[in-house]
Amino acid sequence: MKAIIPAAGHGTRFQPVTRVIPKEMLPIGSKPALELIVDEAKSAGADEIVIVISHGKELIREYFKDDPSIRFVYQEEQKGLGHAVMIGLEALENLDASPVLILLGDAVVAGCNASAAMAAVSAANGGAGVIGLERVPREKVSRYGIVRLEGDRIVDLVEKPSPETAPSDLAIAGRYLLDGRILEFLRTQEPGKGGEIQLTDAIRRMVTTSHLSPFTFHLYGYIYPGRRQDIGNPKGYFDALKAMGENE
Ligand code: G1P
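Because the structure is a prediction, the values reported are computed rather than measured. (Residues numbered from 1 in each chain as written. Predicted model: local features only at pLDDT ≥ 70, side-chain atom pairs only at ≥ 80, totals over all residues. Heavy atoms only, no water.)

*Asks:* For this particular structure, what's the right way to read the overall build of the chain?
*Replies:* Scanning the chain for helices and strands turns up seven helices and 13 strands. Over its C-alpha trace the chain gives a radius of gyration of 17 Å, about what one expects of a compact globule, namely 18 Å for 248 residues. For the chain, the spread of C-alpha atoms along the principal axes amounts to about 45 × 40 × 35 Å. Burial statistics for the chain: of 248 residues in total, 55% are counted as buried. Sequence separation of at least 24 residues holds for 70% of the intrachain contacts in the chain that already meet a minimum separation of 6. A total accessible area of about 11,400 Å² is found for the chain, and carbon and sulfur atoms account for 51% of it. The chain carries 28 positive and 33 negative side-chain charges, and their two centres are separated by 4 Å. (Helix = DSSP H or I, 4+ residues; strand = E, 2+ residues; numbered from the N terminus. Rg over C-alpha atoms; globule rule 2.2 N^0.38 Å. Buried < 20%, exposed > 50% of the residue type's maximum accessible area, 1.4 Å probe, protein only. Contact = heavy atoms within 4.5 Å. Areas by Shrake-Rupley, 256 points an atom, 1.4 Å probe, with all protein chains shown as cover. Lys, Arg positive; Asp, Glu negative; His and termini not counted. Charge placed at Lys NZ, Arg CZ, Asp CG, Glu CD.)

Below, the structure is given as structure tokens:
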């Protein structure tokens, strides 16, 4: 399986340390957070990993340089998560309908291998796409992509809705297993929330317009059992150290 880890963000919520250390390289025990994410991808079956970085984050490249399963691509401009994923997908050859795992580089999961659990859900549903979810308090829905489920199926997604308009309290939680044909939807995706090209918007088009295409993209929502920790800010990082420490 192929995997993409977007890690190009500038770490503005974690300055000043991120001027010299990318947030993804902050240690959790004896390993950088990003290595835990790489380990998660590999044990879920990933054998080809593309990490999307930006200039100034060469420490990441240096650290993983001896790993033949990892390649790097640069996102030259900060145009959003959807754009970073598109660049990562373009670096993977012969993708077409192959499943691609996407693991956000600033989200570590304590207590389970979220990607492996999602791969099992996909396998049990004929290779369908799966998005890892978590329940969030209503007043915080505007920080996340929020989904509408019908049974286990995701039928709609909205990036950072207001609490009044959010379709549920189920948030996208940093892990995706998607059909590689998401690339075509990303290439034609207009900027959305915050003027950025949003992955959520492209997935929404893939799911809600697939009845118009020769392919139907089934997408399942799965609340994985572990706890996602956002290491993009100091509070989240302290929580991650605590949560990961408890699992040692
Ligand atoms: C991104 C996604 C969002 C998701 C979140 C956490 O937002 O756009 O849909 O809920 O990660 O996985 P960001 O935290 O980059 O603003």
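*Asks:* Looking at this structure, I do not really get the site of the ligand. What am I missing?
*Replies:* Inspection of the region around the ligand gives L81, L104, Y144, G145, E159, K160, I172, A173, G174, Y176, Q198 and T200 as its neighbouring residues. In the model, an oxygen atom of the ligand is placed 2.7 Å from a nitrogen or oxygen of the I172 main chain. Starting from 380 Å² of accessible surface for the ligand in isolation, the protein chains cover 77%. It is strand 11 (residues 170-179) that provides the largest number of residues to the shell around the ligand, a total of four residues. In terms of residue class, the shell around the ligand is built from six nonpolar, four polar and two charged. (Near = heavy atom within 4 Å. Polar contact = N/O pair within 3.5 Å; in protein donor to acceptor, adjacent residues only side chain to side chain. Nonpolar A, V, L, I, M, F, W, Y, C, P; charged D, E, K, R; others polar.)

*Asks:* How should helix 1 (residues 33-43) be read in this particular structure?
*Replies:* Residue pairs three or four apart in sequence face the same way in an α-helix, which turns once every 3.6 residues. For helix 1, the set of buried residues is A33, L34, E35, I37, V38, E40 and A41. The first or second residue beyond helix 1 is G45, which carries a positive phi of 110°.

*Asks:* Could you clarify how one ought to interpret the side chain of S115 in this entry?
*Replies:* Looking at the element boundaries, S115 is found in helix 4 (residues 114-124). In this structure S115 touches E40, A44, L101, L103 and R175, once residues within four positions along its chain are discounted.

Spatial relationships are all this shows, so hold off on functional conclusions.
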